[in-house]
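Each chain, letter by letter, is given below.
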Amino acid sequence: MSVPLPPPRRLVEITVDGEPVRLPEGSTILDACQDTPTLCYGDTLTPKNACRVCVVEVEGSRTLVPACSRRAEEGMKVSTDSERVRHSRKLVLELLGSSVDLSTTPGAAEWIAEYDADPQRFGQEAATVEQPVKVDNDLYVRDYGKCIMCYKCVDACGDQWQNSFAITVAGRGFDSHISTEHDAPLTDSACVYCGNCVEVCPTGALSFKTEFDMRAAGTWHEEEQTQTTTICAYCGVGCNLTLHVQDNEIVKVTSPHDNPVTHGNLCIKGRFGFQHVQNGRSAKQTQKD
Amino acid sequence: MDLRFRDTEPTDEERAAIDALLGPPASGWVGGARTDDDLRFAAAGEQERDLLLPALHAVNDRIGWISEGALDYICRRLTVPPADAYGVATFYSMFSLKPRPSRVLHVCTDLVCEARGAAGLCASLEERLGPPGLSWQRSPCLGLCERAPAALALEAGDPPAHAVYGPADAALTEFAEPPVEAAVPQSLHSGPGAGDELVLLRRVGVVDPGSLDDYRSTDGYAALRRAFTLGPAGIIREVLDAGLVGRGGAAFPTGRKWEATARQPDHPHYLVCNADESEPGTFKDRVIMEGDPFALIEAMTIAAYATGCRKGYIYLRGEYPRAFHRLTGAIAAARARGLLGDDVMGQGFAFDIEIRRGAGAYICGEETAIFNSIEGQRGEPRSKPPFPVEKGLFGKPTVVNNVETLVNVLPILLSGASAYAATGTEGSTGTKLFCLSGNVRRPGLYELPFGATLRDLLDLAGGVPEGRSLRAVLLGGAAGAFVRPDELDIPLTFEGTRAAGTTLGSGVVLVLDDGADLVKILLRIAEFFRDESCGQCVPCRVGTVRQEEALHRLAIKPQAGDLTLLREVGQVMRDASICGLGQTAWNAVESAIDRLGVFTSEEAS
């Protein structure tokens, strides 16, 4: 597979926590400090810089800046662990943790411990976005009590990838939420069930029905799953599929984000059309027996 | 764009309202009747996303609310995904997606009106009309602070109507809206501080705001004539030398903004006049637009000429119907006389102005949120950099200036930079408009040279009412800071207020006497920010909610833990929010705790 090389770029030098770092021009601060916590950042999407958990301190800047979107400039002095940065990250985690269910957010528990955050401190009366899970189709589930409003699903559904424009951010402020038009069920909306919104969701608010059901039944064991990357056989585009297999059953299909064909995206057939593999196999096995 | 619609049809009236704005549909593909030709040619309409907000207004103005069928038809006409349009419509508080009566009363319950008895007004309305909901609702500041408590009734129809109540009584007695000069006490009185020295307000109440001839006979369009002799670079030089800084709150040097935009090789350039005056307690831009609309149009023409813009937008608050009518009339008159259009004053310079109305969102006064709102997106601020002078409206270099900033350009060009700079102080030149409201004898709009103290201003307004004593003054509005009665010698300049740890902001001076309930006012400020946060970034979206919750707890029982919590939440909002709303949402509360001792001293509890 040939990946076209970008033209050479000039390097800029910045300092991160006192250490000099050289980066190609146009890189972001995040490129220089990969261990920064991120939630709304997506490697296949334009940074929305909404969650503010990746903020760093840049000398000369009145406010903290989001590492995910701010471009590195020659001579920039960045602190990733100053008092202000730690305070902001801690509070952002507390504010999110107190209003949203972060139980299935990868990394959240570790960051909350690392920054000594206490989401309980706002008391029992603190407003949350808790609400019933939306199950209105057989393919994926929307549990907006876990939604941190990172805008990634909207961007993936919209002009950044899928161009279906089935979902949007509606309302304002704390009441803002992800919605179809007039909050119609997904089956009435423009959704094409590509599942690319699920792919980019950082918290598990969106999940495949298979995963949701297995989690509910307590049979979801991620550590036992194997991942096999193959090529989708439905059409001639040649998308990479990564099959997540548990107990010799396909439980989830994703696509590698660095794949030059898909950039992590698939269509309904590649993403959800795997059941025949299992059905066929059990049928054959039955015949053999 | 391949869009999917649900099968909902607009009513004839909704269709007529939208077609009145957009013209009849060109084909079946964009909502017209389907013909044989349509089946042979897939002629998708051009995406005209920026007309989304005007189209929503068209329906809301005619019907009073926006039905699913109407929204669908707008989307077909403009090639906008229905979900996107739904997201935009739900962003603005003046739109309703549920049926409601055609007449809706908006009762201001913001700081000033709260201090002048809005609570009693609401209680009596509740008794008569039932709880707030569809026919009447509580509203943030309506910009009628000199007439507090105020209410605004908007009635849908063709044409839509409005009525202003101020001061509103419980019976909502109808009376003619007072002339705009009633808001300028200086123009009514003689003696020291009287109207003779007015610069920006000199025409308000003196000339007919509907008459271009009146305007021209009082030096109108003399500044533009001088501008054409100076040339763009010359104008920018004058504005720089005059030391003009922005009056919207951020105090950025106007000349530098203009210079940076004029230099941009990317074209077209756009001019946006920020008339979305929504800071609670501010009404200065309304008075200018209602009382001297041609001044704004002339000033915008000069700004556009200096910065190479052919198109200007006035982004006007949705709650200012009178200003909308006066500006609309003034733009039409200027266009008819060749003062706007393809050949302004026969100088070969093309420039025209379009008014875009906001729809009830404080955040749209943020300089980048205004772009998103005009473009038909949700009014959420953008991340900076890139700054507007590089990538602003429609991704092009854009100058954004406040109304008051723009009209300051006229005296600069008329009398010259050095004469202009002779007024005021070294760091703050010229005159400033102050919106005086609250517990004072003569509330209204005052124009004073920079350098006057807060005491001078209060004296001019007659001080607090007889038998009362001053408790505090809120400078700069909800995003500003409180000062104590012993700090009245603060010079009202940008540098003077900064040194005193407060801000001029947009010129709000809200006076509170010993009868004012400070805790209640803080709660209202917190509620305001919670309501008006766009919801984009976590520190502001959740932080403003937690701030309000903590204040409610403190109002019942002051506890050190909640004060620490407020400070910590305030710090993250200030440090890590995307825009100025979140960054300043804690300013007033912080100053009330630190300077006035609310929640910490005996007096408060």
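Definitions and limits used
Residues numbered from 1 in each chain as written. Chains lettered and ligands numbered in written order. Predicted model: local features only at pLDDT ≥ 70, side-chain atom pairs only at ≥ 80, totals over all residues. Heavy atoms only, no water. Salt bridge = Lys/Arg side-chain N within 4 Å of Asp/Glu carboxyl O. Buried < 20%, exposed > 50% of the residue type's maximum accessible area, 1.4 Å probe, protein only. Helix = DSSP H or I, 4+ residues; strand = E, 2+ residues; numbered from the N terminus. Pairing = 2+ DSSP bridges. Domains from an automatic or database assignment. Contact = heavy atoms within 4.5 Å. Buried area = accessible area lost by both parts, 1.4 Å probe. Polar contact = N/O pair within 3.5 Å; in protein donor to acceptor, adjacent residues only side chain to side chain. Expected span 1.5 Å × (residues − 1). Nonpolar A, V, L, I, M, F, W, Y, C, P; charged D, E, K, R; others polar. Axes fitted to C-alpha atoms, helices over the stretch in contact; angles between N-to-C directions.

1. A word on the pattern of salt bridges
Residue and element names in this part refer to chain B. Inspection of every chain in the model, using the stated rule, returns 68 salt bridges over all chains. Ionic pairing is found between Asp285 and Lys284, a salt bridge with its closest N-O pair at 3.1 Å. Among the residues examined, Asp285 registers a relative accessible area of 2% and is labelled buried. With a relative accessible area of 1%, Lys284 lands in the buried category. Arg468 is paired through a salt bridge with Asp513; the nearest N and O atoms lie 3.8 Å apart. Of this pair, Arg468 sits in the loop between helix H18 (454–460) and strand S12 (470–475) while Asp513 sits in strand S14 (residues 508–513); the two residues are 45 residues apart in sequence, bridging distant segments of the chain.

2. Brief notes about the pairing of strand S7 (residues 341–344) of chain B
Residue and element names in this part refer to chain B. Both S7 and strand S8 (residues 349–357) contribute to a ladder of two bridges, which runs antiparallel. Bridging across to S8, Val344 finds its partner in Phe349. Linking S7 back to S8 in an antiparallel pair, the connection comprises four residues, with Met345 at a positive phi of about 55°.

3. Section: the domain arrangement of chain B
Residues and elements named next belong to chain B. Looking at the assigned domains, one finds that chain B contains domain 1 (12–89), domain 2 (103–168), domain 3 (212–420), domain 4 (423–513) and domain 5 (518–604). Between the C-alpha centres of domain 3 and domain 5 the distance comes to 34 Å. Counting residues at the interface gives eleven residues for domain 3, matched by eight residues for domain 5. Taken as a group, Tyr362, Ile363 and Pro381 account for 58% of the area that domain 3 buries against domain 5, more than any other trio of residues on that side. Viewed at the interface, domain 5 and domain 3 are joined by two residue pairs in polar contact (both at pLDDT 80 or more).

4. Things to note about helix H20 (residues 518–532) of chain B
Residue and element names in this part refer to chain B. Between the first and last C-alpha of H20 there are 21 Å, a value that for 15 residues agrees with the 21 Å anticipated at 1.5 Å per step. Buried residues dominate H20, accounting for eleven of its 15 residues. Sitting at the amino-terminal end of H20 is Asp517, which places a side-chain oxygen 3.2 Å from the backbone nitrogen of Val519.

5. Looking at the interface of chain B and chain A
Of the residues lining the interface, 50 residues belong to chain B; the matching set on chain A comes to 50 residues. In total, chain B and chain A occlude about 4100 Å² of area from one another, counting both sides; carbon and sulfur atoms represent 54% of this. On the surface where chain B and chain A come into contact, there are six salt bridges. Applying the counting rule to chain B against chain A returns 24 residue pairs in polar contact (both at pLDDT 80 or more). Listed by contribution, the elements that provide at least two residues to the side of chain B that touches chain A are helix H4 (68–78), helix H5 (82–89), H20, helix H21 (538–556) and helix H22 (560–576) of chain B. Considering only residue class, the side of chain B that touches chain A consists of 22 nonpolar, twelve polar and 16 charged.

6. Some thoughts on the sheet that holds strand S4 (residues 161–165) of chain B
Residue and element names in this part refer to chain B. Taken together, the four strands give an open sheet; going across it, the order is S2-S1-S3-S4, and neighbouring strands pair in mixed fashion. The open sheet has two edge strands with one neighbour each: strand S2 (136–139) and S4. Shown here is a sheet whose adjacent strand axes are inclined to one another by a mean of 20°, direction ignored. For strand S3 (residues 151–155) and S4, the ladder comprises five bridges, and the chain directions are antiparallel. Pairing of Glu155 across the sheet is with Ala161, part of S4.

7. Details of the sheet that holds S7 of chain B
Residues and elements named next belong to chain B. With mixed pairing, five strands are arranged side by side in an open sheet as S7-S8-S6-S5-S9. Two strands in the sheet have a free side with no partner beyond their single neighbour: S7 and strand S9 (398–402). The sheet shows a mean angle of 25° between the axes of neighbouring strands, taken without regard to direction. For strand S6 (residues 309–316) and S8, the ladder comprises six bridges, and the chain directions are parallel. Its bridge partner being in S8, Gly312 is matched across the sheet by Ile353. Together, S6 and S8 form the strand contacts of helix H13 (residues 321–336), whose direction differs from that of S8 by roughly 160°.

8. Structural notes on the side chain of Asp84 of chain B
Within the element layout of this structure, Asp84 of chain B appears in helix H5. On the accessibility criterion, Asp84 of chain B (14% relative accessible area) is buried. Not counting residues up to four positions away in its chain, the partners in contact with Asp84 of chain B are Phe165, Ile167 and Thr168 of chain A together with Arg49 of chain B.

9. Looking at the environment of Val53 of chain A
When you line up the elements, Val53 of chain A lands in the loop between helix H1 (29–32) and strand S3 (55–58). Separated by 221 residues in the primary sequence, Val53 of chain A and Phe274 of chain A place their C-alpha atoms 37 Å from one another.

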